[in-house]
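# A closer look at the structure
One letter stands for each residue in the lines below.
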Amino acid sequence: GHDVRSRYLEVALAVLLLGCQSEPPVFTDDERAAVAAEIEAARDAFFDAATGLDADGLLAFWDEDFIHLSNASIAPVTPEMLREGWEPLSHVEMARTFDRVVALTRDSGYTISTASYVVLDTAGAVVESNEWAGTHIWIRRADGWKVQVAHEGRPVQ
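The structure displayed is predicted, hence computed values, not measured ones.

### Digging into the pairing of strand E4 (residues 126–141)
As judged from the 13 bridges shared by strand E3 (residues 108–121) and E4, these two strands associate in the antiparallel manner. From the neighbouring strand, Val119 faces E4, where its bridge partner is Glu128. If you look at the hairpin formed by E3 and E4, you'll find four residues sitting between the two strands, and Gly124 has a positive phi there, around 90 degrees. By the bridge criterion, nine bridges tie E4 to strand E5 (residues 144–153) in an arrangement that is antiparallel. Bridged to Ile139 within E5 is Lys146. Connecting E4 to the next strand, E5, in antiparallel fashion are two residues.

### Remarks on helix H2 (residues 29–51)
Here H2 contains 23 residues, and its C-alpha end-to-end distance of 32 Å stays within 8% of the 33 Å for a straight helix at 1.5 Å per residue. For H2, the set of buried residues is Val35, Ala36, Ile39, Ala42, Arg43, Phe46, Phe47, Ala49 and Thr51. Turning to H2, the residues buried within the fold contact helix H3 (55–59), strand E1 (62–70), strand E2 (89–105), E3, E4 and E5. A positive backbone phi angle near 55 degrees is found at Leu53, which sits one or two residues after H2.

### Concerning the sheet that holds E2
One open sheet holds the five strands; their spatial order is E1-E5-E4-E3-E2, and the pairing between them is mixed. The strands lining the two open edges of the sheet, one partner per strand, are E1 and E2. Averaged over all adjacent pairs, the angle separating strand axes in this sheet is 20 degrees, with direction ignored. Pairing of E2 with E3, which is carried by 14 bridges, proceeds in the antiparallel orientation. For Val101, the partnering residue across the bridge sits in E3 and is Thr111. Strands in contact with H2 are E1, E2, E3, E4 and E5; relative to E2, the strand with the most contacts, it is inclined by about 165 degrees.

### Considerations on the packing of aromatic side chains
For the structure shown, the criterion picks out six aromatic pairs. Judged by centre distance (5.9 Å) and plane angle (90 degrees), the rings of Phe46 and Phe61 are edge-to-face. With a gap of 15 residues between them, Phe46 in helix H2 and Phe61 in the loop between H3 and E1 connect regions that are remote in the sequence. Using a relative accessible area of 4% as the deciding quantity, one classes Phe46 as buried. Residue Phe61 is classed as buried on the basis of its relative accessible area of 16%.

About the cut-offs
- Residues numbered from 1 in each chain as written.
- Predicted model: local features only at pLDDT ≥ 70, side-chain atom pairs only at ≥ 80, totals over all residues.
- Heavy atoms only, no water.
- Pairing = 2+ DSSP bridges.
- Helix = DSSP H or I, 4+ residues; strand = E, 2+ residues; numbered from the N terminus.
- Expected span 1.5 Å × (residues − 1).
- Buried < 20%, exposed > 50% of the residue type's maximum accessible area, 1.4 Å probe, protein only.
- Contact = heavy atoms within 4.5 Å.
- Axes fitted to C-alpha atoms, helices over the stretch in contact; angles between N-to-C directions.
- Phe/Tyr/Trp six-rings, centres within 6.5 Å; stacked < 30°, edge-to-face > 60°.

The following block contains the structure:
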């Protein structure tokens with residue numbers, strides 16, 4: 001009788017303990033919307049730095065393992081390349097034509113955007129104009145939202 005009672009007690013405790021385990025955290029619609037708003041704000045600041053040709057401002061959004069892919073090249077974009085390439089330019093006028101912001105978790109998400117853009121030099125002349133599409137993978141780090149991967153393309157002219 002004693003072994004049966006102690007075995008029953010063990011099983012009852014095990015069932016009770018299993019039932020008390022916490023549920024996996026749910027990512028609620030409100031939390032998803034709040035995270036998407038954070039990513040959208042980071043994306044807008046990222047685009048402001050890019051269109052303002054602010055290399056340091058743009059680099060502040062790059063994650064330490066940042067990867068940039070473009071239909072023009074797969075070569076990594078370096079801060080030196082940005083600064084050198086942007087030196088004769090003034091700014092970019094960009095009109096977004098499509099935007100999507102998706103929060104995947106509390107700490108990750110992506111954005112998809114399309115736009116028309118015009119690049120102006122320091123004299124105010126149009127250097128380039130084109131259509132553009134970009135997908136950016138965002139991750140939350142201790143110092144804010146960072147782009148892990150940017151995949152951007154434009155029609156070949």
